[in-house]
Amino acid sequence: MTASNTILTDGFGRKHNYLRISLLEKCNLRCTYCMPADGIALSPKASLMTAEEIFAIAQTFVKNGVDKIRLTGGEPLLRKDFPEIVSKLSHLDISLSMTTNGILIDRHIEVLKRFKVKKINLSLDTLVSSKFHSVTLRNQFEKVIDNLHLLLNNDFEVKVNVVLIKGFNDNEIVDFVKLTQFLPISVRFIEFMPFAGNEWDRTKMVSQKEILSLVEKNFSSGEIQKLEDEKNFTARTYRINGFQGNFGIISSITNPFCDSCNRIRLTADGKIKNCLFSNSETDLLTAFRNGESITNLISNSIQSKKKVRAGMVSVSEMDNPALHFDNRSMITIGG
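Now for a description of the structure that goes with this document.

A complete count under the given rule lists 10 salt bridges for this structure. Linking R79 and D81 is a salt bridge whose minimum nitrogen-to-oxygen distance equals 2.7 Å. Residue D229 is joined to K226 by a salt bridge in which the shortest nitrogen-to-oxygen separation is 2.9 Å. Judged by its relative accessible area of 40%, K226 falls in the partly exposed class.

Summarising the element assignment, Q244 is placed in the loop between strand 8 (236–240) and strand 9 (246–250). Q244 sits in the partly exposed class, given a relative accessible area of 46%.

What follows deals with the pairing of strand 8. Among the five residues of strand 8, four are classified as buried, and the element is accordingly described as predominantly covered. The sheet contact formed by strand 7 (residues 224–226) and strand 8 spans three bridges and is antiparallel. Counted as the bridge partner of K226 is Y238 from strand 8. Sheet topology note: the strand 8/strand 9 ladder contains three bridges and is antiparallel. Along strand 9, the bridge assignment pairs T237 with G248.

What helix 5 (residues 129–136) keeps buried is the set K131, F132, V135 and T136. Burial along helix 5 is one-sided: seen end-on, the buried residues are contained in an arc of 120 degrees. On its buried side, helix 5 packs onto helix 6 (141–153). Of the residues trailing helix 5, L137 is marked for its positive phi of about 65 degrees.

With that settled, the discussion passes to the packing of helix 2 (residues 51–63) against helix 3 (residues 82–89). As a packed pair, helix 2 and helix 3 sit with axes 9 Å apart at the nearest point and diverge in direction by 25 degrees. In terms of orientation, helix 2 and helix 3 fall into the roughly parallel class. Judged by the sense of rotation from one axis to the other, the crossing of helix 2 with helix 3 is right-handed. Across the interface between the two elements, A51, E52, I54, F55 and A58 from helix 2 touch E84, I85, K88 and L89 from helix 3.

Right, let's talk about the packing of aromatic side chains for a bit. Tallied over the entire structure, the rule returns five aromatic pairs. Each ring, one from F176 and one from F189, has its centre 6.3 Å from the other, and the planes form 85 degrees; the classification is edge-to-face. Of the two residues, F176 is situated in helix 7 (residues 173–179) and F189 in strand 6 (residues 186–191); the sequence distance between them amounts to 13 residues. Classification of F176 as buried rests on a relative accessible area of 1%. An angle of 20 degrees between the planes, with centres 5.5 Å apart, marks the rings of Y238 and F247 as stacked. Judged by its relative accessible area of 11%, Y238 is buried. These aromatic residues form a ring-pair network of at least three members: F176, F189, Y238 and F247. Seen from the ring of F168, K131 lies directly overhead, with NZ or CZ sitting 5.3 Å from the centre.

This part takes up the pairing of strand 1 (residues 18–22). Among the five residues of strand 1, five are classified as buried, and the element is accordingly described as predominantly covered. The two faces of strand 1 match: Y18, R20 and S22 on one face and L19 and I21 on the other face are all buried. Sheet topology places strand 1 next to strand 2 (residues 68–72); five bridges connect them, and they run parallel. What sits directly across from S22, in strand 2, is T72. As paired strands, strand 1 and strand 10 (residues 263–266) are joined by four bridges and run parallel to one another.

About the cut-offs
- Residues numbered from 1 in each chain as written.
- Predicted model: local features only at pLDDT ≥ 70, side-chain atom pairs only at ≥ 80, totals over all residues.
- Heavy atoms only, no water.
- Salt bridge = Lys/Arg side-chain N within 4 Å of Asp/Glu carboxyl O.
- Buried < 20%, exposed > 50% of the residue type's maximum accessible area, 1.4 Å probe, protein only.
- Helix = DSSP H or I, 4+ residues; strand = E, 2+ residues; numbered from the N terminus.
- Pairing = 2+ DSSP bridges.
- Arc of directions from axis to C-beta.
- Contact = heavy atoms within 4.5 Å.
- Axes fitted to C-alpha atoms, helices over the stretch in contact; angles between N-to-C directions.
- Parallel < 35°, antiparallel > 145°, perpendicular 65-115°, else oblique.
- Left-handed = near helix turned anticlockwise from the far one by under 90°.
- Phe/Tyr/Trp six-rings, centres within 6.5 Å; stacked < 30°, edge-to-face > 60°.
- Lys NZ or Arg CZ within 6 Å of the ring centre and 35° of its normal.

Take it as geometry only, folks, not as evidence of what the structure does.
Right under this line is the structure:
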């Protein structure tokens, strides 16, 4: 094992080659599971990474084995210097992708094409306009749908992220699966997860077992095909025979995939989170601005990663808010 591989390999032998970089904490939607009802205190602009700092810190990760970077937010396309950021990152030997709510795609699609950001995760939690407004507090449903088709018409690889909340959109699971009959998309159903301010409790969660049960009631067992999961997968994927697209289930709570986790998160203010559920962080940006090496900080963060969900092994532990209430809200972590 080379020194670079050692830096990004944790105590359980997991090699981390996938970096998710949050570009900012702002968003033009107010999704209730992501943004606390009373909003958040935004970090001062001076404490956020600049385009140059994002590139330099990313370069350190790439030198040590990262070959996949995803840009997240907030809403990453709200960064006025977004074109500069992707232009710089495009010079690295990586696969570059992005998660977005889709509202600003039409304004940036030429930039995305120019710098080969061809893999897009688009957040869309409902196919009903009125429900879209109720969860996002904005009237942008048609815009998102139009931009979804714009991406497909321009040959982007699109995954549609659907956060399932019982009593809100669990009655749309089959509708989303049926959407894959006509569109070459991958719909990914995501279990509702606990973060600061989103009032999580297990009764609001739709489990992998419940999702598959609903699908099986609407399609025969011969129609439902289990696909081979990707290396370091997050979603267990399925396809309905004859459909263009597929669907997957991201079951971080009821059926976690921690054994193969290869992801590191870098917040917009330059801090590493070695697990989505972890409330501990490592400040890279301050050290970087002081001219110090950040390599040991990265290595120490990776080495301190717990085996499962920041140490919360059982679902019953997730029920204890004392174990996760002081984590960030999702919008300040990065989607």
